[in-house]
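# Coordinate inspection notes
The chain contents come next:
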Amino acid sequence: MQRRDCFRQLMGLVAASPLWAQQADDVMGPVNIHEFEEAAKRKMHRMAYDFIAGGVEDEYTLRANREAFGRVAILPRVMIDTTDVSTEIELLGLKLKSPIIIAPTGGKNLVLPNADEIVAKGALARETLICSATGVQKLLQDGKPLLWWSNTTGSSTKAQAVGYAKRVEDGGGKGIVVTVDNAYQSNRDRNNRNRFDYGYMQGGVPSDAETRKPVNPARAAMWGPHTPAMTWEYINWLKGASSMPVIIKGVLHPEDAALAVKHGADAVVVSNHGGRQLDGAMGTLDALPDVVEAVGGKVPVLMDGGLRRGGDILKAMALGARAVLVGRAPLWGLGAFGQPGVERVLQLLTDETRLAMALAGKRRISEIDKTIARRMTIWR
Ligand SMILES: Cc1cc2nc3c(=O)[nH]c(=O)nc-3n(C[C@H](O)[C@H](O)[C@H](O)COP(=O)(O)O)c2cc1C
């Protein structure tokens, strides 16, 4: 037997031993976000895992988000004193410990009951800005210093928009994030295959004994539109009703980014909903530079989609993102270990970002710019 085969056999024995299982089951076991996903997958119901991990239809866009990071390379700077590296930023009136924001994710109850509040508690513990439609009210009523942007997919009347903005502001919100790429529920094969019912997003995974009706792909989605009539006017309604910043999430086209700014948006988020809305939409890191150019520094540009490492975050910021949102990463922490898992994931990503900055010769987020990034071309 060759030495390499011996080594493989030994590793197999180690991985199968109860000691290893115990370590992997500890919140300090996973060493990166990918391993948190594996740990969560082991513990979660298949329907819940698929709901979170999946994208729309053939999942081209889901993959495009990750693949885009492989086409950008960093050219680090050297011989710079990086003894003191800080990930702090200021964003729309908030002082943040890190540029990492928790993205809005519906359906967390598929993972655990009351999961929105659990994630919010994790955000509070890590002093992280959370963007969420729900789960924060109790913490804010208890006077906790939670940094919260409310999330909405919009409403069809001005009266509803005004009422919503006032409720958020009175409730302690620091901004409103309007998701603009969600006019219709999309056509997600994994959910259709699992006979997923959107009612489970509130009530949790059904018992295996429950009879689930087959889903009629695509048409079912068109039957349940969210906000197909929403236009740019919606921003004016919100802005007129409160003093909070309005952030537009789900922009890929540079002309839309320019229109958002023209209509009063205080920030735009380059996002394709984590590859969950239109399959074939561009990967967000690929879309980012043109949006940054179109916005021309008038408002901050944020991005999300496929961020799993501090190095990914460094690349996003080098291409012009002021801050980033993470969707699935905290959910993997949640699914694997509950609130401690959420906290650990946020800590890992922040630590990796700080280290990536140090190794790139950047002491402050404001020092990161496109001079350290190059797009890779494929050589044949
Ligand atoms: C399970 C799940 C639910 C989501 N629900 C929402 C939502 O309700 N509103 C929204 O604007 N985006 C939603 N998103 C998209 C995220 O806000 C974010 O854009 C995306 O997850 C970023 O990609 P990442 O998961 O690769 O980090 C959801 C994403 C996931 C994974």
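These figures come from a predicted structure and were not determined experimentally.

### Section: unusual backbone geometry
With a phi angle near 60 degrees, Asn114 is a residue other than glycine that sits in the positive phi range. The topology assignment puts Asn114 in the loop between β4 (100-102) and α6 (115-125). Residue classification places Asn114 among the exposed residues on the basis of 12 C-beta atoms within 10 Å. A positive phi angle is found at His273, which is not glycine, with a value near 65 degrees. Among the secondary structure elements, His273 is positioned in the loop between β9 (267-270) and α14 (284-295). What makes His273 buried here is the crowd of 24 C-beta atoms within 10 Å.

### Considering the site of the ligand
Near the ligand there are 24 residues, and of these Ala103, Gly106, Thr179, Gly274 and Gly327 occur at the shortest range. At the level of elements, α4 (46-53), β11 (323-326) and α16 (328-337) are the ones that each hand at least two residues to the shell around the ligand. A class-by-class count of the residues in the shell around the ligand yields eight nonpolar, twelve polar and four charged.

### Here we look at the nonpolar core
Among the nonpolar cores identified, the biggest contains 101 residues, and Val268, Val291 and Val324 are the most heavily contacted of them. In this structure Val324 touches Pro99, Ile100, Ile101, Leu302, Met303, Asp304, Leu307, Ile313 and Ala316, once residues within four positions along its chain are discounted.

### Brief notes about helix α17 (residues 339-359)
Count 3.6 residues to each turn of an α-helix, and residues three or four apart come out pointing the same way. Its 21 residues place the ends of α17 30 Å apart at the C-alpha level, agreeing with the 30 Å of an ideal helix rising 1.5 Å per residue. Residues Gln339, Gly341, Val342, Glu343, Arg344, Val345, Leu346, Leu348, Leu349, Thr353, Ala356 and Met357 constitute the buried set of α17. Those residues of α17 hidden inside the fold are in contact with α3 (33-43), β4, α6, α15 (310-318), β11 and α16. A positive backbone phi angle near 80 degrees is found at Gly361, which sits one or two residues after α17.

### As for the packing of α3 against α16
Between two packed helices, the angle of one axis relative to the other and the distance separating the axes together describe the packing. Contact geometry of α3 with α16 gives a least axis separation of 8 Å together with a crossing angle of 45 degrees. The angle between α3 and α16 falls in the class oblique. For the pair α3 and α16, the crossing hand works out as left-handed. Contacts between α3 and α16 pair Ile33, Phe36, Glu37, Ala39, Ala40 and Lys43 from the former with Ala329, Trp332, Gly333, Gly335 and Ala336 from the latter. The class makeup of the residues in the contact of α3 with α16 is seven nonpolar, two polar and two charged.

Reading the values: rules and limits
- Residues numbered from 1 in each chain as written.
- Predicted model: local features only at pLDDT ≥ 70, side-chain atom pairs only at ≥ 80, totals over all residues.
- Helix = DSSP H or I, 4+ residues; strand = E, 2+ residues; numbered from the N terminus.
- Buried ≥ 20, exposed ≤ 12 C-beta atoms within 10 Å, placed from the backbone.
- Near = placed C-beta within 6 Å.
- Nonpolar A, V, L, I, M, F, W, Y, C, P; charged D, E, K, R; others polar.
- Core = buried A, V, L, I, M, F, W, Y, C linked by C-beta atoms within 7 Å.
- Contact = placed C-beta atoms within 7 Å.
- Expected span 1.5 Å × (residues − 1).
- Axes fitted to C-alpha atoms, helices over the stretch in contact; angles between N-to-C directions.
- Parallel < 35°, antiparallel > 145°, perpendicular 65-115°, else oblique.
- Left-handed = near helix turned anticlockwise from the far one by under 90°.

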